[in-house]
Amino acid sequence: MKHRLYLLICITLSFINQMAAENGSRLWLRQSGEAGASVEVSSRRASATLNLAAEELRQAWKGNPVTLSIERDKALAADGFKIVCGEGRVRVSSPTGTGLLYAAYHLLRLQESEQVIASTTENPAYTLRILNHWDNIDRTVERGYAGQSLWDWERLPHNLSERYKEYARANASVGINGTVLNNVNASPVILSAEYLNKVKALADVFRPYGIRVYLSVNFASPMALDSLPTADPLDKRVVGWWKKKVREIYSLIPDFGGFLVKANSEGQPGPCDFGRTHAEGANMLADALKSHKGIVMWRAFVYSPSDADRAKQAYLEFKPLDGRFRPNVIVQVKNGPVDFQPREPYSPLFGAMRHTSLMVEFQITQEYLGHSNHLVYLAPMWKEFFGLVPPSTLKAVAGVSNIGSDANWCGHPFAQANWYAFGRLAWNPSLSSEAIADEWLRQTFSKEKEFVEPIGRLMAESHEAAVDYMMPLGLHHIFAWGHHYGPEPWCNVPGARPDWMPSYYHRAEESGIGFDRSHTGSRATAQYPDSLCRLYDNPSTCPEQYLLWFHHLSWSHRMKSGRTLWDELCHRYDSGVQQVREFQKTWDRVESLIDAERFRDVQSRLKTQLRDAIWWKDACLLYFQEFSKLAIPYNIERPIHELEELKKIVLPISNFECPDSRLLNRNR
Ligand code: GCW
């Protein structure tokens, strides 16, 4: 009896220990051992990548014996793969080792999320699926909320952290095949011989996982690094400098991907400083890269010198350049016309530049969505984009990384889902956000239905909830100055650009609220194709989720619900808060189904999220009430703060998260 009791205690303790020993560091790759299926490689060409594919399966595959073979196949893209199941065997083929590696992760994903393992042919929708790190060489991360940069530049190239390999593996497991290592606000130092050797060391680690390295470059690098008197893209010395630099890079990294450039934006140098166009700047770099098969990703996130509506500026600057870019230039456009707001209509540049390769830039890091404190699953937002912009009009997909040195990589345990979903959608934008959440939850937390179903629903609702408690009905950019964490619709920084002020965007006044971008206002609606222009231009047909983005309306404007605009606004803010209260309850109910460590972590972050949601609601409603002069409907939760109190809040946000010494007067 005593013995049995002892055994029971031991089993219970080991169970508890197992449940608690989860710090999120294994991400969604938590396959348990006891595999033992036979894995046969039927290829004469050995490669590190092929070995990895076989090794991953040997470690964790529990199904029928697998044969991996490299085969040419007209139906497959270079990294596509074919799986044929039958006669008690799984036959996997691909033209490349990378394709086989993806197939291995595909099989393991199905196994770990308990899906049917069936014959299939998979090709990625885009050949380039790239993470953009906004990591600085001092290891701070612009808009990073998960610790320091992963890249330990000081110890590179000799000291290689184990995490570099884990990072590459995680990316490969969701099909991400490129990484831009450094911030688009780029230090010229990244192109120095010393740093290129460090970059080479990382590229060597990533290569077997099918990941290419790219760099963000500062357009004035020739001046900063080698004291050239100019960085004019048409100057021969400048052209020669870049050619030589590119040769140096490829001598170290033969499969180097290319450059990402933020030019003439927020204080960054660019071709316009020398009277040249964005196309002339991009083409000069593209010519230097061409013979090495490198590409230029040229960002369209610019401010035009005119005082045109901020939402129109990228279009005004880039549309006239359509057709003027070299074939190896891809113009990288943020998903929306302003700047990664909780909800934006798509950028009208998509669809408007038919003779230019375009790629979308999503923001995985939650600069405007509660940093790493709020649980916001971003796949539904990205799906909205793909619903309006046909995936076939894009050449590639980029996502601003949310990865850092934190043990769990992303800060919030659920922020991992956004890294995961980015990769999955870049591979196949037609996957549903629900299916992605489902497979992520099963691999990351638990396969139990009682866990997966309610938490899957919570994830599905989380983006809309955040939009509701922050900026419903098309409101945008009413964030606190600089760090963009809490609300500051009253913000007024003397000397700052008017289009960095919340009042520029919400335009609240006694008669109403919203930005008139219709034909009676800034005419931004005219940048969209006719059918959408008509839809957005008219307040009675404009989807309510974009209403105040496109229209300035009276507080008494009648909404589809029958409520006035003021009442609807109050209801939306309140419903966002109520949803977070529900998320807390839903989370607490699954306590017994997962490990204590991650349970408590999420529980505590949800408390913060609720406090913040109330803060947002009170701040925005009390502030807008000063204009509407209407009562907050009596059936919604009452404010618990005083407006004057809220106006005094100053957050102790670190330099990491809010890097801006560039904050004031950073024109163009
Ligand atoms: O959203 C703004 C951010 C900046 C960022 C910039 C950009 C890297 O606040 O931190 O700089 O966009 O995308 O270039």
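Residues numbered from 1 in each chain as written. Predicted model: local features only at pLDDT ≥ 70, side-chain atom pairs only at ≥ 80, totals over all residues. Heavy atoms only, no water.

Per an unreviewed UniProt entry, the chain goes by Alpha-glucuronidase and derives from Bacteroides zoogleoformans.

With that settled, consider the overall build of the chain. Counting its regular elements, the chain contains 19 helices and 15 strands. For the chain, the C-alpha radius of gyration of 26 Å lies close to 26 Å, the compact-globule estimate for 668 residues. In terms of overall dimensions, the chain has a C-alpha envelope of 80 × 75 × 45 Å along the principal axes. For the chain, with 668 residues in total, the buried portion stands at 61%. When the accessible surface of the chain is totalled, it reaches about 26100 Å², and 51% of it is carbon and sulfur. (Helix = DSSP H or I, 4+ residues; strand = E, 2+ residues; numbered from the N terminus. Rg over C-alpha atoms; globule rule 2.2 N^0.38 Å. Buried < 20%, exposed > 50% of the residue type's maximum accessible area, 1.4 Å probe, protein only. Areas by Shrake-Rupley, 256 points an atom, 1.4 Å probe, with all protein chains shown as cover.)

Two elements, strand 3 (residues 81-86) and strand 5 (residues 120-122), share 3 bridges in a ladder whose sense is antiparallel. If you follow lysine 82 over to strand 5, its bridge partner there is threonine 121. With antiparallel pairing between neighbouring strands as the criterion, strand 3 and strand 4 (residues 89-94) make up a hairpin whose turn holds 2 residues, including glutamate 87 at a positive phi of roughly 50°. (Pairing = 2+ DSSP bridges.)

Attention shifts here to the packing of aromatic side chains. For the structure shown, the criterion picks out 50 aromatic pairs. Their ring planes at 80° and their centres at 5.1 Å tell us that phenylalanine 350 and phenylalanine 385 sit as a pair that is edge-to-face. Of this pair, phenylalanine 350 sits in the loop between strand 11 (329-334) and strand 12 (358-363) while phenylalanine 385 sits in helix 10 (residues 379-388), and the two are 35 residues apart along the sequence. By the burial criterion, phenylalanine 350 is buried, and phenylalanine 385 matches it. Here the aromatic rings of tryptophan 490 and tyrosine 623 are separated by 6.0 Å at their centres, their planes lie at 65°, and the arrangement is edge-to-face. Linking tryptophan 490 in the loop between helix 13 (449-470) and helix 14 (502-506) with tyrosine 623 in helix 18 (residues 596-628), this pair joins segments that are 133 residues apart in sequence. Exposure class is identical for tryptophan 490 and tyrosine 623. Each is buried. Through pairs of rings, three or more aromatic residues link up here, namely Trp28, Trp151, Tyr164, Tyr167, Phe206, Trp409, Trp419 and Tyr420. (Phe/Tyr/Trp six-rings, centres within 6.5 Å; stacked < 30°, edge-to-face > 60°.)

Below, the discussion takes up the site of the ligand. Around the ligand, a shell composed of 15 residues is seen, among which Glu142, Lys262, Lys334, Asp339 and Glu367 lie nearest. Residue arginine 143 places a side-chain N or O atom 2.9 Å away from an oxygen atom belonging to the ligand. A distance of 2.6 Å is found between an oxygen atom of the ligand and a side-chain nitrogen or oxygen belonging to lysine 334. Its free accessible area being 340 Å², the ligand has 99% of it covered by the protein chains. Each residue belonging to the shell around the ligand can be placed in one class, and the counts come to 4 nonpolar, 3 polar and 8 charged. (Near = heavy atom within 4 Å. Polar contact = N/O pair within 3.5 Å; in protein donor to acceptor, adjacent residues only side chain to side chain. Nonpolar A, V, L, I, M, F, W, Y, C, P; charged D, E, K, R; others polar.)

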